[in-house]
Each structure stands twice: as structure tokens, then as C-alpha cells.
Amino acid sequence: MAPKNDESAKKVMSKGAWTAEEDSKLSQYIEIHGAKRWKTIATKSGLNRCGKSCRLRWLNYLRPNIKRGNISDEEEDMILRLHKLLGNRWSLIAGRLPGRTDNEIKNYWNSHLSKKINQKDKRQEVSTAQETTSQLKTRVAAPMEEEGANIVGSSEPTFDVNEFFDFSTEGSYGLEWVNKFLELDEDQCLTEKR
DNA sequence: AACGAAGTCAACCGCTAATTT
DNA sequence: GAAATTAGCGGTTGACTTCGT
């Protein structure tokens, strides 16, 4: 059988860490042709990589205005609050932190913040366990009045976030809605503490 | 100094959604 | 409207680094 024209598709693609040469090839190509049609970019730029890999490299590393490392306290606080609201929707969270990528936030969450949360949860569990045992004694027959209500502080949102915030119409990194949420959240925290 | 454990982060994989033909 | 292609997302992996013994 004669080889087909798409034989190149069978060619084994490079994997693993990108070299400086590959980076510059990709950057140069995208500078000229733009960052779309990743499969074409992968083949035309002369890189022995799949389109997916090129896209990821561009978005997470080569794209202009990328901030790397040193996540500030403000950013960390923002991540914590947004995660509380959105859950593991890293790209949405990243969209609210200019210069940060979903991958970076996901990694930061998994290696730093999830531990902090766990420690905090454990401490809370201990104190709430003590509280609930004493509360149970007084509330044995009380109905579940707040059933269905969104309990702020639970890790998973119980309402449709997409419905609540219309992400589709938001093109910029405007932080107005976040500020509103954070204000609300702060109020909630204050009332919870009382 | 050597070694293993734990932590970090870049990159890959599998899947779904969106777009194009 | 269906099928094929492309883009994007979140979870996971594995190489590398740092830390503790």
C-alpha cells in the first residue's frame, strides 16, 4: 500500500519540556499569523508538536503580559473568595486575575491553598462538633428551616453561577462585580462572626 | 554527604462545547 | 441537521527541586 498524504499525522510528536528554540519559533509564528487554528500553527511553524501543546505553551507561558510566581496576598485572597463562589472553575477565576493563568491558579490552589483550607476546616470541625453536640440538646425537634438556601462557606455553590453572573457579556477584566461580591462576602463574614 | 519524602509546577490526557463544513 | 474539526477546560502525571533525617 502506498503511504497516504497524511502520513505526517502519524509522525511521533515531541513531548515534555519546551526548548528556547521551540518557544521562539512559536512566538514568531503567532506574532505574524495570530493565535488561532492551533493545528495549523503546529504544522506551519515547523514545530514537532501537536496543536494542543502549542496552545497550552502560548497561553501559560509565552503570551504577553503573563505574570509568573509571587502571588500577592491580595491575589491569594481573591482566589480564595472566587473559589468559594465558583468552585474549581479555574479559567473563570483566572479571568478575574489579569496576567494569571488557569493552570497557575490551579497549581497554586492544589499546592498551597487547599492545605490552608483543610487546616482551617479541621479547626472548624473541632469547634463545630463541640457546638453541635450542645445545640442538639436544645434543637432536637427543630425543622430544617434553611433547607435549600445557599449556605455561604460550603465549598460547592448550590446555585447556578452562570445564571447569577452573566459571564457571556463580560469581555473585559472589569472587577466591579467581584468587588460587589467581595463586599457582600465581607458583610456575610461579619454577620457570621456575630 | 547521601538518601528518601514531600512539595512544586509544566505539560499531557480525556472529555465536552463550540464552530465549521 | 449531521459529521468533522477545533478550542477550551479540569484532572492528573511526572520531572525536578527542596527539605528533613
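In what follows, the structure referred to is the one given above.
Residues numbered from 1 in each chain as written. Chains lettered and ligands numbered in written order. Predicted model: local features only at pLDDT ≥ 70, side-chain atom pairs only at ≥ 80, totals over all residues. Heavy atoms only, no water.

Participant: In this structure, what is going on with the environment of Ile 30? I would like to understand it.
Facilitator: Turning to its location among the elements, Ile 30 is positioned in helix α2 (residues 20-33). Under the relative-accessibility criterion, Ile 30 is labelled buried at 5%. When the C-alpha positions of Ile 30 and Trp 58 are compared, they lie 8.9 Å apart, and in sequence the two are 28 residues distant. (Helix = DSSP H or I, 4+ residues; strand = E, 2+ residues; numbered from the N terminus. Buried < 20%, exposed > 50% of the residue type's maximum accessible area, 1.4 Å probe, protein only.)

Participant: Help me out: how do you make sense of the protein's contact with DNA strand B in this one?
Facilitator: In the vicinity of DNA strand B lie 15 residues, with Lys 15, Lys 52, Arg 57, Arg 68 and Ser 111 positioned nearest. Near the protein, within 4 Å, the atoms of DNA strand B are sugar or phosphate in 60% of cases. Within the side chain of Arg 68, a nitrogen or oxygen atom sits 2.4 Å from a phosphate oxygen of DNA strand B. With respect to DNA strand B, the side chain of Asn 103 contributes an N or O atom lying 3.1 Å from a base nitrogen. Sorting the residues of the surface near DNA strand B by element identifies α4 (51-62) and α7 (102-138) as the ones contributing at least two each. For the surface near DNA strand B, the per-class residue count stands at 3 nonpolar, 6 polar and 6 charged. (Near = heavy atom within 4 Å. Polar contact = N/O pair within 3.5 Å; in protein donor to acceptor, adjacent residues only side chain to side chain. Nonpolar A, V, L, I, M, F, W, Y, C, P; charged D, E, K, R; others polar.)

Participant: For this particular structure, what's the right way to read the protein's contact with DNA strand C?
Facilitator: Every residue close to DNA strand C is listed here: Lys 36, Arg 37, Trp 38, Lys 39, Lys 52, Arg 55, Asn 88, Arg 89, Trp 90, Ser 91 and Lys 106. Within 4 Å of the protein, the atoms of DNA strand C are drawn from sugar and phosphate moieties in a proportion of 71%. Between DNA strand C and Trp 38 there is a distance of 2.9 Å, counted from a phosphate oxygen to a backbone nitrogen or oxygen. Broken down by secondary-structure element, the contributors of at least two residues to the surface near DNA strand C are α3 (38-44), α4 and α6 (90-95).

Participant: Is there a simple way to think about the nonpolar core in this case?
Facilitator: One recurring pattern in soluble globular proteins: nonpolar side chains tend to sit buried together. Residues Ile 79, Leu 86, Ile 93, Leu 97 and Ile 105 are the most contacted members of the largest nonpolar core, which totals 15 residues. Taken together, the elements giving at least two residues each to this core come down to α5 (73-86), α6 and α7. Considering every element that reaches this core, the biggest residue donor is α5, with 5 residues. Those residues in contact with Ile 93, other than ones at most four positions away along the chain, are Leu 82, His 83, Leu 86, Gly 87 and Ile 105. Counting residues in each nonpolar core, the second largest holds 11 residues, with Ile 30, Trp 38, Ala 42 and Cys 54 among its members. (Core = buried A, V, L, I, M, F, W, Y, C linked by side-chain atoms within 4.5 Å. Contact = heavy atoms within 4.5 Å.)

Participant: Whenever I open this one, the environment of Ile 71 confuses me. Can you help?
Facilitator: As for its placement among the helices and strands, Ile 71 is situated in the loop between α4 and α5. As for Ile 71 and Arg 100, which are separated by 29 residues in sequence, their C-alpha atoms are 9.1 Å apart. If we skip the residues at most four places from it in the chain, Ile 71 touches Glu 76, Ile 79, Arg 100 and Tyr 108.

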